[in-house]
Amino acid sequence: MAFGDDVRTVMTTSLPSGKLATTVQLAYSFAVIFTFPLQNFPSLEIACRSIASCLESTCGEGSSFASQRNVIASLLVCLLGVIAAMTMERLDKLVSLMGSLIGCPLAFLLPPMIHNNIDPSLSKSRRVTNNIVSFLGLCSMVLASVTTLLTW
């Protein structure tokens, strides 16, 4: 087993060599490969529709490229692959940056803002509390992002 500085970013590579480690790495690889489409389907759909509408507005309504969702999705997946290959050695930094830019707003910024918007009968103190939580979420997002970028 590895501890401290001997632990690698990807935990499965820190396992001792042998049949069990190879089996765990293989199972993890299959899990990543087969769940990738499920993880990326919502964002790919949104991105494909946005890109297609932009292409239709610039290239014209009859653009064959804009109507090909599979082409756009394939290009986006290839772009994700290139980004993954470029950041392979800095995976911990990339995950940290994604957590700060996506996780903090999803957890702390958006819920109180949505709560303020969907419930018009909230008391003033509850709205102020929601705004304080949103502000602290914004501060944590900025702080975490800056810290990650400074240590890159």
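Residues numbered from 1 in each chain as written. Predicted model: local features only at pLDDT ≥ 70, side-chain atom pairs only at ≥ 80, totals over all residues. Heavy atoms only, no water.

We now examine the overall build of the protein. What the protein contains, in helices and strands, is 4 helices and 0 strands. Order of helices (α) and strands (β) in the protein, N terminus to C terminus: α-α-α-α. For the protein, with 152 residues in total, the buried portion stands at 20%. Considering only contacts within the protein whose residues lie at least 6 apart along the sequence, 49% involve residues at least 24 apart. With an accessible surface of roughly 11,200 Å², the protein has 71% of that area assigned to carbon and sulfur atoms. (Helix = DSSP H or I, 4+ residues; strand = E, 2+ residues; numbered from the N terminus. Buried < 20%, exposed > 50% of the residue type's maximum accessible area, 1.4 Å probe, protein only. Contact = heavy atoms within 4.5 Å. Areas by Shrake-Rupley, 256 points an atom, 1.4 Å probe, with all protein chains shown as cover.)

Orientation of helix α1 (residues 19-59) relative to helix α2 (residues 69-86), taken along the N-to-C sense of each, is 120°, at an axis distance of 9 Å. Classed by the angle they form, the pair α1 and α2 counts as oblique. The handedness of the crossing between α1 and α2 comes out as right-handed. Contacts from F36, N40, F41, L44, E45, A47, C48, I51, A52 and L55 of α1 reach α2 at R69, I72, A73, L76, V77 and L80. (Axes fitted to C-alpha atoms, helices over the stretch in contact; angles between N-to-C directions. Parallel < 35°, antiparallel > 145°, perpendicular 65-115°, else oblique. Left-handed = near helix turned anticlockwise from the far one by under 90°.)

Moving on to the pattern of salt bridges. Side chains that differ in sign of charge can pair as their charged atoms come close. Across all of its chains, the model carries 1 salt bridge by this definition. Put simply, E45 and R49 hold a salt bridge, and the shortest N to O gap is 3.7 Å. Here R49 and E45 lie together in helix α1, a separation of 4 residues that amounts to about one turn. Overall, E45 belongs to the buried group, its relative accessible area being 16%. (Salt bridge = Lys/Arg side-chain N within 4 Å of Asp/Glu carboxyl O.)

Before going further, it helps to examine a nonpolar patch on the surface. A cluster of nonpolar side chains, namely M98, L101, I102, L106, L110, M113, I114 and I118, defines an oily patch on the protein surface of about 770 Å² accessible area. Here L110 lies in helix α3 (residues 91-118). Overall, L110 belongs to the partly exposed group, its relative accessible area being 35%. (Patch = residues over 30% accessible without salt bridge, like charges linked within 9 Å, V, L, I, M, F, W, Y side chains within 5 Å.)

Before going further, it helps to spend a moment on the confidence of the model for the protein. Residues with a pLDDT of 70 or more make up 88% of the protein, whose mean pLDDT is 83. Ranking the elements of the protein by mean pLDDT puts α2 last with 82 and helix α4 (residues 124-150) first with 94. (pLDDT = per-residue confidence, 0-100.)

On to the side chain of N116, then. Structurally, the position occupied by N116 is in helix α3. The residues touching N116, leaving out its near neighbours within four places in the chain, are L122, R126, R127, N130 and N131.

Counting 7 residues, the largest nonpolar core consists of L44, C48, A52, L55, I72, A73 and L76. Elements represented by at least two residues in this core include exactly α1 and α2. Sort the elements by how many residues they give to this core and α1 lands first, with 4 residues. (Core = buried A, V, L, I, M, F, W, Y, C linked by side-chain atoms within 4.5 Å.)

Examined against the element boundaries, R90 turns out to sit in the loop between α2 and α3. Remark: the alpha-carbon pair of R90 and W152, spanning 62 residues in sequence, is separated by 8.1 Å.

Under the criterion given, the structure shown has 1 aromatic pair. An angle of 10° between the planes, with centres 6.0 Å apart, marks the rings of F30 and F34 as stacked. Remark: F34 and F30 occur in helix α1; sequence separation between them is 4 residues, near one turn of the helix. For F30, a relative accessible area of 45% puts it in the partly exposed group. F34 gets classed as exposed once you look at its relative accessible area, which sits at 59%. (Phe/Tyr/Trp six-rings, centres within 6.5 Å; stacked < 30°, edge-to-face > 60°.)

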